[in-house]
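Close look at the chain arrangement
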Amino acid sequence: MNREALLESLSAVMDNEADELEVRRILAATSEDPELRATWSRYAMARAVIRNEPIMPKLDIASAVSAALANEEAPVTTPAASVKPKVSRWSAISRVAVAASVTVAVLAGVRLYNQEDATQQMAQQAPAPISIPQVQSPAVLANYSEESAQSAESKAANSAAADSQLPGYIRQHAQQATFNSVEGSALPYARGANAETR
Amino acid sequence: MRFAPVIYGIGGLLLMTQSAQAVESMDWLNKLSISDKVNSQGAFIYESNGHLTSHHIARKVDSNGDVKERLYRLDGTPYEVVRDNNRIVCSTSADDQADVAKTLAPKLKPEQINKGYTIKHLGESRVADNATDVVAFMPKDPYRYAYEMQLSKSTGQMLKSTTFDQKGNALERLQYITYSSLSSSAEELASKADCAPRVEAEEISHVDQATWRASWLPSGFERIRSLKSWQAGGEGRPVQYLLYSDGLSNFSVFVDSDSQTATADSRNQFGPTSVVSKRINPSDKDVLITVVGEIPAGTAERIALSVRPD
């Protein structure tokens, strides 16, 4: 197999589009080709920078993926699958993206250490002109302090885009609940106003 | 996390003073339940999910008890809701889909809150230059959130409210910055031109398909509304709509009994609002059940799994 085809397969692996055969081929090739292995690491880093993901420069992805594959008969049930169920579910739709989920498993540990960064990014996306005091306020941090809440946040855009019904449901719920609480508080109204701009 | 010891501490105290407290909790509930029968004017801020917005409220109660109320957002995209007694006159909506209903669902009796929450007076404070009582609503089970409210001593109006999850994290806050019980002018109560009148959906009695219900509910939650709804995707297929409340928290159940979308099950959280979708196949058609509400995601999930044909 020529180098160009190998690099193409490598891209496919990274883009979550490789089949199992391709993954094995890449792993076999990288095990005897240090240059290809370095290329993979470079790709991973470039990708992480572009996507603003955590970077782990010393991580040898190829051997980590090999090890993970050897230890795990069914990669779909790797820790990655439980941490990020969306990733595995969506990728499983077309082709078996074994390496991708294993790579995620390898990187999952890294991700946990980067929660602060993620929080910062999300806070910056908020339209508030002064984001720093908000980030430091306990109320905002509370929203992200739970791991589950955080992954839900990051998944939100994904599934909301896939299901156009959800925003409508959220809006209808908010409007129906307006004025509906016993105490006649403005709380349900305020939630509705929030849902309207979401 | 730092609220957790406070909450557990309160829980302990409550056990010791249960009998005296039963009387006291009804006092607070009665005070709350009449608070929307007094004139109200003011501005409040609401913080949820990292967003802070400000709002204006004008509520006028005339001599025969008729209530007119207008709530209006002061920043960002204009948003307003106007009500006349139990009828929603108009509301701003991002799209022109028919709303589920323009009449308000019947309110639960204040005693209903007692089923799900333990109510405790925590002390006194001041909000928007008004003396307040600080009252905690502690959930009796892990299926709902806790609320800490500050009620105006003179009118009972809720002037500050914080919602906490089971770990004691604050999920949302609402706080008045100005408040008075003066009467509002007609101008303050009038809607703006872009406030669209509501188009009402059909009541469930007109629906000739199987109706659905949640077969599991945390205690204190009751179904207060059941309607045939619009189709969310704009295809004209009816979606059944159910609204449940425990007096403080509400959740909605949407049952799309012939779902055409290829959406997988999903679970999202926006501040205090959990959104859980589950797909089931009781017959040859896909049924998509979506629960939306101010309840923990685990509760929403359990409710979604319990939805069955009636």
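The rules we used
- Residues numbered from 1 in each chain as written.
- Chains lettered and ligands numbered in written order.
- Predicted model: local features only at pLDDT ≥ 70, side-chain atom pairs only at ≥ 80, totals over all residues.
- Heavy atoms only, no water.
- Helix = DSSP H or I, 4+ residues; strand = E, 2+ residues; numbered from the N terminus.
- Areas by Shrake-Rupley, 256 points an atom, 1.4 Å probe, with all protein chains shown as cover.
- Contact = heavy atoms within 4.5 Å.
- Expected span 1.5 Å × (residues − 1).
- Buried < 20%, exposed > 50% of the residue type's maximum accessible area, 1.4 Å probe, protein only.
- Pairing = 2+ DSSP bridges.
- Salt bridge = Lys/Arg side-chain N within 4 Å of Asp/Glu carboxyl O.
- Phe/Tyr/Trp six-rings, centres within 6.5 Å; stacked < 30°, edge-to-face > 60°.
- Core = buried A, V, L, I, M, F, W, Y, C linked by side-chain atoms within 4.5 Å.
- pLDDT = per-residue confidence, 0-100.

A few words on the overall build of chain A. For chain A, the count of helices and strands is 13 helices and zero strands. For chain A, the N- to C-terminal ordering of α and β elements is α-α-α-α-α-α-α-α-α-α-α-α-α. By element, 56% of the accessible surface of chain A is carried by carbon and sulfur atoms, the whole surface being about 9800 Å².

Assigned secondary structure in chain B consists of five helices and 19 strands. Counted over contacts in chain B with a minimum sequence separation of 6, partners at least 24 positions apart contribute 53%. Element-wise, carbon and sulfur atoms account for 53% of the exposed surface of chain B, whose accessible area totals about 12900 Å².

On to helix H1 (residues 3-14) of chain A, then. An ideal rise of 1.5 Å per residue puts 16 Å on 12 residues; H1(A) measures up with 16 Å between its terminal C-alpha atoms. When we look at burial in H1(A), the residues that qualify are Leu6(A), Ser9(A), Leu10(A), Ala12(A), Val13(A) and Met14(A).

Before going further, it helps to examine the pairing of strand E8 (residues 146-152) of chain B. All names here are of chain B. The element E8 is extensively covered by neighbouring structure, given that six of its seven residues are classed as buried. As defined by bridge partners, strand E7 (residues 130-139) adjoins E8 across six bridges and the pair is classed as antiparallel. Among the inter-strand pairings, Thr132 is bridged to a residue of E8, identified as Ser152. The turn joining E7 and E8, which pair antiparallel and follow one another in sequence, is formed by six residues.

Turning our attention to helix H5 (residues 297-306) of chain B. The periodicity of an α-helix, 3.6 residues per turn, causes residues three or four positions apart to be oriented the same way. All names here are of chain B. For H5, the tally of buried residues reaches seven of 10 residues, placing the bulk of the element in the interior. For H5, the complete set of buried residues consists of Ala297, Thr299, Ala300, Glu301, Ile303, Ala304 and Ser306. Looking at the buried side of H5, the elements it contacts are strand E12 (212-214), strand E15 (250-256), strand E16 (266-270), strand E17 (273-280), strand E18 (287-293) and strand E19 (307-309).

Residue and element names in this part refer to chain B. Counting across every chain of the model gives 16 salt bridges over all chains. Notably, a salt bridge pairs Glu47 with Arg173, separated by 3.8 Å at the nearest N-O pair. Here the residue Glu47 occupies a position in strand E1 (residues 40-48), and Arg173 occupies one in strand E10 (residues 170-180), the gap between them amounting to 126 residues. According to the relative accessible area criterion, Glu47 is buried, its value standing at 12%. Residue Arg173 is classed as partly exposed on the basis of its relative accessible area, which comes to 26%. Each member of the salt-bridge network shares a partner with another, and the members are Lys31, Glu124, Asp133 and Lys153.

Once that is clear, we can look at the packing of aromatic side chains. The geometry of an aromatic ring pair is captured by the separation of the ring centres together with the interplanar angle, meaning the angle of the planes. What the rule picks out here adds up to 10 aromatic pairs over all chains. Among the aromatic side chains, those forming a connected cluster through ring pairs are Tyr189(A), Phe44(B), Tyr79(B), Tyr176(B) and Tyr179(B).

Among soluble globular proteins, nonpolar side chains are generally buried collectively. Judged by nonpolar contacts, the single largest core of 31 residues is most densely connected at Tyr189(A), Phe44(B), Phe137(B), Leu174(B) and Tyr176(B). Elements supplying a minimum of two residues to this core: helix H13 (187-197) of chain A together with helix H2 (18-33), E1, strand E6 (117-127), E7, E8, strand E9 (158-164) and E10 of chain B. The element contributing the most residues to this core is H13(A), with four residues. Ignoring sequence-local partners within four residues, the contact set of Tyr189(A) consists of Thr178(A), Phe44(B), His55(B), Leu71(B), Tyr72(B), Arg73(B), Tyr79(B) and Val81(B). With 18 residues, the next largest nonpolar core counts Trp212(B), Ala214(B), Ile289(B) and Ile303(B) among its residues.

Residue and element names in this part refer to chain B. Along the chain, Lys115 falls in helix H3 (residues 111-116). Taking the relative accessible area as the measure of exposure, Lys115 reaches 45% and is therefore partly exposed. Ignoring sequence-local partners within four residues, the contact set of Lys115 consists of Lys140, Ser219, Gly220 and Glu222.

Residues and elements named next belong to chain A. Averaged over every residue, the pLDDT of chain A is 57; residues scoring 70 or more account for 35%. Here helix H9 (residues 132-136) is the element of chain A with the lowest mean pLDDT, 32, and helix H12 (residues 165-177) is the one with the highest, 80. For the stretch residues 73-162, pLDDT sits under 50, and the model shows 111 contacts to residues farther than four places along the chain or on other chains.

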